[in-house]
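What follows is each chain in one-letter form.
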Amino acid sequence: MSDLGQSSRKSALTAAVAALLLAGGVQAQAAPMGDMTGMSGKAGAESGKQQTASTTGTVAAVNTGQHKVTFDHEPIPAINWPAMHMEFPAASSVDLSKVKPGEKVKFTLSGSKGSYTVQSITPAQ
Ligand SMILES: [Cu+2]
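Note that this is a predicted model, so its numbers are computed, not measured. (Residues numbered from 1 in each chain as written. Predicted model: local features only at pLDDT ≥ 70, side-chain atom pairs only at ≥ 80, totals over all residues. Heavy atoms only, no water.)

J.: When you look at the environment of Gly111 in this model, what are you seeing that I'm missing?
T.: On the secondary structure map, Gly111 appears in strand 4 (residues 104-112). Note: C-alpha distance between Gly111 and Lys49 (62 residues apart in sequence) is 8.0 Å. (Helix = DSSP H or I, 4+ residues; strand = E, 2+ residues; numbered from the N terminus.)

J.: I tried to follow the pairing of strand 1 (residues 51-63) on my own but got confused; where do I start?
T.: When a strand is regular, its side chains alternate between the sheet's two faces. For strand 1 and strand 4, the ladder comprises eight bridges, and the chain directions are antiparallel. Looking at the pairing, Thr58 lines up with Lys104 of strand 4. Taken together, the six bridges between strand 1 and strand 2 (residues 68-73) define a ladder with antiparallel strand orientation. Paired with Thr58 across the two strands is Asp72, which belongs to strand 2. Taking the residues that link successive antiparallel strands as the turn, the strand 1-strand 2 hairpin has four residues, and the phi of His67 there is positive, at about 55°. (Pairing = 2+ DSSP bridges.)

J.: Explain the nonpolar core here, please?
T.: In summary, soluble globular proteins display a tendency toward joint burial of nonpolar side chains. Residues Val69, Phe71, Phe88, Phe107, Leu109, Val118 and Ile121 are the most contacted members of the largest nonpolar core, which totals 19 residues. At the level of elements, strand 1, strand 2, strand 4 and strand 5 (115-123) are the ones that each hand at least two residues to this core. (Core = buried A, V, L, I, M, F, W, Y, C linked by side-chain atoms within 4.5 Å. Buried < 20%, exposed > 50% of the residue type's maximum accessible area, 1.4 Å probe, protein only.)

J.: How should the environment of Ala61 be read in this particular structure?
T.: Here Ala61 shows up in strand 1. In this structure Ala61 comes out as partly exposed when scored by relative accessible area, which is 32%. With 25 residues separating them in the primary sequence, Ala61 and Met86 have C-alpha atoms 9.7 Å apart. Residues within four places of Ala61 in sequence aside, it is in contact with Val69, Thr70 and Pro101. (Contact = heavy atoms within 4.5 Å.)

J.: What am I meant to see in the packing of aromatic side chains here?
T.: How two aromatic rings sit relative to each other is given by the distance of their centres and the angle of their planes. Enumeration over the complete set of coordinates arrives at five aromatic pairs. Relative to Phe88, the ring of Phe71 has its centre 6.1 Å away and its plane inclined at 50°; by these criteria the two rings are tilted. Pair noted here: Phe71 is in strand 2 and Phe88 is in strand 3 (residues 84-89), with a separation of 17 residues, a long-range link. Residue classification places Phe71 among the buried residues on the basis of a relative accessible area of 0%. The buried category is assigned to Phe88, whose relative accessible area is 1%. Each residue in the set Phe71, Trp81, Phe88, Phe107 and Tyr116 is aromatic and connected to the rest through ring pairs, giving one cluster. (Phe/Tyr/Trp six-rings, centres within 6.5 Å; stacked < 30°, edge-to-face > 60°.)

In structure tokens:
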């Protein structure tokens, strides 16, 4: 008797988990690229730890279509980052047409854990 009850509860659970997985899968696939701006804004508001940091680096690539820029950047102690090769979205105020691969620059980031946006890029001296 108790075996029967347990197994039907188990299958109900399995169905619920399957439904959840399905919903999650569909959501992930439907998430549009254009959501990034809203996402980073929300993350900053939630964590309440909006930070600004600046460092120097070499421009590795510029993607004007997506308004993104890739740097080989120096360590950023303010946010506990080692030196790395990384792509960032740039704020709309940043003119990426003036930024060229190979250029040494100083740049400023703002955001919160895991989600930073380039706020300014200036030539490094
Ligand atoms: Cu980085």
